[in-house]
Amino acid sequence: MGRGWRAGRSLPLLAAAALAGSLVAAAPVTADDRGAEPGPGLEWGPCPEEVATGSTALECSTLAVPLDYGDPDGAEIEIMVSRLSSAAPGERRGVLLLNPGGPGSSGLGMPADLVSLGIPGSVLNSYDLIGMDPRGVGRSSPVSCGFTTDQDYIGNVPPYAVDDDAVVAQAGIAEAVAAQCAGNDGAGLLPHLSTANTARDMDRVRAALGEEEVSYFGVSYGSALGAAYTSLFPGRSDRIVLDSNVGDTYLGSEGVRAFGRGAEEAFPDFAAWAAQRHDTYGLGATPGEVRETYFEIAERLDAEPMEGFDGRHFRFYTFIGLYGEANYTTAAQMWQSVHDPAPGQAPRLPQEEAAGGPVPASGAGEPAPADNAWSSFLAVTCADSDWPADVADYRSAVAEDRERYPLLGAATANVMPCAFWHHEPSEPPVEITGRGPENVLILQNLRDAGTPYSGGVALDERFGERSRLVSVDANGHGVYVYGDNECAWDVTTRYLVDGEFPEQDVSCR
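Residues numbered from 1 in each chain as written. Predicted model: local features only at pLDDT ≥ 70, side-chain atom pairs only at ≥ 80, totals over all residues. Heavy atoms only, no water.

Trainee: Sorry, what's going on with unusual backbone geometry here?
Mentor: Negative phi values dominate among residues other than glycine, just as trans dominates among peptide bonds. The amide bond that connects Gly-102 to the next residue, Pro-103, takes the cis arrangement and shows omega of -10°. Mapping Pro-103 onto the fold places it in the loop between strand E4 (94-99) and helix H2 (110-117). The phi angle at Ser-141 is positive, at roughly 50°, despite the residue not being glycine. Position of Ser-141 relative to the elements: it lies in the loop between strand E5 (127-132) and helix H4 (164-183). Residue classification places Ser-141 among the buried positions, given a relative accessible area of 19%. For Glu-307, which is not glycine, the phi dihedral falls at a positive 55°. Summarising the element assignment, Glu-307 is placed in the loop between helix H9 (287-303) and helix H10 (311-321). Given the relative accessible area of 58%, Glu-307 is considered exposed. (Helix = DSSP H or I, 4+ residues; strand = E, 2+ residues; numbered from the N terminus. Buried < 20%, exposed > 50% of the residue type's maximum accessible area, 1.4 Å probe, protein only.)

Below, the structure is given as structure tokens:
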């Protein structure tokens, strides 16, 4: 998701919308064997101009990795990594690999982002911060489905289905997108853009850096990637911090459906905020009235779109607005612009999100700005796990979640292109076994729209004695650095810098 919205202070990414997956016909090998090959050293130089680093100077390098780890001597692709070297080499203890989420989000600029957000100086002294564009993303052999600005594709999460016919209609769109992605994959990337292969790439980066172990900080989908890495390579993982958790090593159909639950859990905080500002925005004087206004606006836009902006778009932008209180003003202004618009007024959308989010289709037919983000999102989510293929399953799920989670459930249970993907997953999702050192710190806000609290609980249960859960009584997507809870910051910093792993789970008020 773009920088037009902010979670805490900046927005980790999870939902983006894209397509991919496919069968790798290779002899089975162990996970460690696939990532254990030593890598060449990295040659550092200036980062590409489009890598946003602000006033923080980063170095970048590329590394060749196998396209197919089942055929390690076969075709290769290049991935790009970035580095912010330790600010105090005498205090340096290793490297901290980073991932901001997605899947489909660029991580090259993440070291600079963390500096701008105020990551503690003791962490900057202790580690070289290593960013990476995962395979298929940005500067790392990017994938493209060929999305254009005139396509009626909402991206990120499926569109809200107002009735059963809408589910069937979305199935047609999803099937066409799956075919489009397969037809546009001339380089044969789609079968290999999985979370497991990205974790293996991370281990190649570790080897190329000359490190025996790596520490890791991943947010949102980055939690799934980190969980996969430390499960595949427990002996090579040092201090692991997983923030705002999907709940497993992949984002599957149930993970996307969980967005509906997250919206319900996070919405009351926004409703209370808006009610306190009723004189400013006119959205309702009580939280209950604000909720009623939500449904009134959405249903009216379903029936009568405003300059092509319909109920699907309104619900999606509201969902992104729930990612943290820093987004509330932008969300309220968007509501206000469609609730009681002045004559000739257009919907008020966040400037940057309008370029990459679900906006009404235009007739331009130019490449969509979010093409790579959408494409890589689909590539990974469809490659990681099996999705229901029967449209009847989605019709049933939408009907169920429309009742369970009225705000968004009829969207997040709707059909995605993964239902019609042209390639089967090449391997099962990485299994979390609990075998390995006690080194996984799990951070989770109680009210998180993108990754509900249940995801942190589920991940903690899967890791068993390996993990500790830090539960934070807050809303928003992102706890450490992206949030502002002092207790959670202190626990995480002490672990990363001094190795103080909590003896038991922690609750932060």
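Trainee: Hey, could you run me through empty space enclosed by the protein in this one?
Mentor: Over the atoms a probe the size of a water molecule is rolled, and this reveals where empty space is left. On inspection of all chains with the given rule, the structure shows seven cavities of 30 Å³ or more. Lining the largest cavity, in full, are Ser-194, Thr-195, Ala-196, Thr-249, Tyr-250, Ala-383, Asp-384, Ser-426, Glu-427, Pro-428, Pro-429 and Val-430. The residue inventory of the lining of the largest cavity, partitioned by class, reads six nonpolar, four polar and two charged. (1 Å grid on protein atoms, 1.4 Å probe; cavity = no way out; pocket = protein on both sides within 12 Å on 5 of 7 lines; lining within 4 Å. Points joined across faces, edges and corners; volume = space filled by probe spheres on them. Nonpolar A, V, L, I, M, F, W, Y, C, P; charged D, E, K, R; others polar.)

Trainee: What is the right way to look at the pattern of salt bridges in this model?
Mentor: Per the stated rule, a full pass over the model turns up 26 salt bridges. Salt-bridge contacts for Arg-139 lead to Glu-50; the nearest nitrogen and oxygen are separated by 2.5 Å. Of this pair, Arg-139 sits in the loop between E5 and H4 while Glu-50 is found in the loop between strand E1 (45-46) and strand E2 (59-66), placing the two residues 89 residues apart along the sequence. Note that Glu-400 and Arg-257 form a salt bridge whose closest N and O atoms lie 3.9 Å from each other. Placement of Glu-400 in helix H14 (residues 391-404) and of Arg-257 in helix H7 (residues 253-276) is noted, with a sequence separation of 143 residues between them. Taking relative accessible area as the criterion, Arg-257 reaches 14% and is therefore assigned buried. Connected through shared salt-bridge partners, Glu-254, Arg-257, Glu-400, Asp-401 and Arg-404 make up one network. (Salt bridge = Lys/Arg side-chain N within 4 Å of Asp/Glu carboxyl O.)

Trainee: Can you walk me through the environment of Asp-68 in this structure?
Mentor: Within the fold, Asp-68 resides in the loop between E2 and strand E3 (76-84). For Asp-68, a relative accessible area of 16% puts it in the buried group. For the pair Asp-68 and His-192, spaced 124 residues apart in sequence, the C-alpha to C-alpha distance is 6.2 Å. In this structure the side chain of Asp-68 is engaged in a polar contact, spanning 2.8 Å, whose partner is the backbone nitrogen of Gly-70. (Polar contact = N/O pair within 3.5 Å; in protein donor to acceptor, adjacent residues only side chain to side chain.)

Trainee: What am I meant to see in H10 here?
Mentor: Along an α-helix, residues three or four positions apart point the same way, because every turn accommodates 3.6 residues. Summarising burial for H10: eleven of the eleven residues are buried, a large majority. Listing the buried residues of H10 in full gives Gly-311, Arg-312, His-313, Phe-314, Arg-315, Phe-316, Tyr-317, Thr-318, Phe-319, Ile-320 and Gly-321. The opening residue of H10 is Asp-310, an N-cap whose side-chain oxygen sits 3.0 Å from the backbone nitrogen of Arg-312.

Trainee: Can you help me understand the state of the cysteines in this one?
Mentor: Two cysteines joined by a covalent bond between their sulfur atoms form a disulfide. With the rule as written, the count across this model stands at four disulfides. Disulfide pairing is shown between Cys-382 and Cys-418; the S-S distance is 2.0 Å. Note on the Cys-382 and Cys-418 pair: the S-S dihedral is about -85°, so by sign convention the disulfide is left-handed. Separated by 36 residues along the polypeptide, Cys-382 in helix H13 (residues 371-384) and Cys-418 in the loop between helix H15 (409-412) and strand E8 (440-447) bring together distant segments of the chain. Accessibility expressed as a relative area gives 3% for Cys-382, which makes it buried. In this structure Cys-418 comes out as buried when scored by relative accessible area, which is 6%. Each bonded cysteine of the chain gets a number by its place in the sequence, and the pairs then read 1-2, 3-4, 5-6, 7-8. (Disulfide = S-S within 2.5 Å.)

Trainee: Quick question: what am I supposed to make of the confidence of the model for the chain here?
Mentor: Where the model shows low pLDDT, its predicted coordinates should not be examined in detail. On average, the chain scores 90 in pLDDT, and the residues at 70 or more come to 89%. Here residues 1-32 scores under 50 on pLDDT; set against residues more than four positions off or in separate chains, the count is 155 contacts. Taken together, the stretch residues 352-356 has pLDDT below 50 and engages in 13 contacts with residues farther than four places along the chain or on a different chain. (pLDDT = per-residue confidence, 0-100. Contact = heavy atoms within 4.5 Å.)

Trainee: Just checking my understanding: could you explain a negative patch on the surface for this structure?
Mentor: Side chains of Asp-71, Asp-73, Glu-76 and Glu-78 sit close together on the surface and give a patch of like negative charge. In this structure, Asp-73 sits in the loop between E2 and E3. (Patch = residues over 30% accessible without salt bridge, like charges linked within 9 Å, V, L, I, M, F, W, Y side chains within 5 Å. Areas by Shrake-Rupley, 256 points an atom, 1.4 Å probe, with all protein chains shown as cover. Lys, Arg positive; Asp, Glu negative; His and termini not counted. Charge placed at Lys NZ, Arg CZ, Asp CG, Glu CD.)

Trainee: Would you take a moment to explain the layout of surface pockets for this structure?
Mentor: As a volume, the second largest pocket reaches approximately 460 Å³. Around the second largest pocket, the lining is made up of 24 residues, and of these Val-246, Glu-254, Gly-255, Ala-258 and Ser-454 lie nearest the centre. Every element with two or more residues in the lining of the second largest pocket is listed here: H7 and helix H16 (453-463). Among the elements that line the lining of the second largest pocket, the one with the most residues is H7, at seven residues.

Trainee: Would you mind showing me how to read the nonpolar core here?
Mentor: Nonpolar side chains in soluble globular proteins generally cluster together in the buried interior. With 110 residues, the main nonpolar core has Phe-267, Phe-270, Phe-314, Phe-319, Trp-335 and Leu-378 as its most contacted residues. The contacts of Phe-314, once residues within four sequence positions are left out, are Tyr-294, Ile-297, Ala-298, Leu-301, Phe-309, Met-334, Trp-335 and Val-338. By size, the runner-up hydrophobic cluster in this structure holds 39 residues, among which are Cys-47, Met-80, Leu-124 and Ala-474. (Core = buried A, V, L, I, M, F, W, Y, C linked by side-chain atoms within 4.5 Å.)

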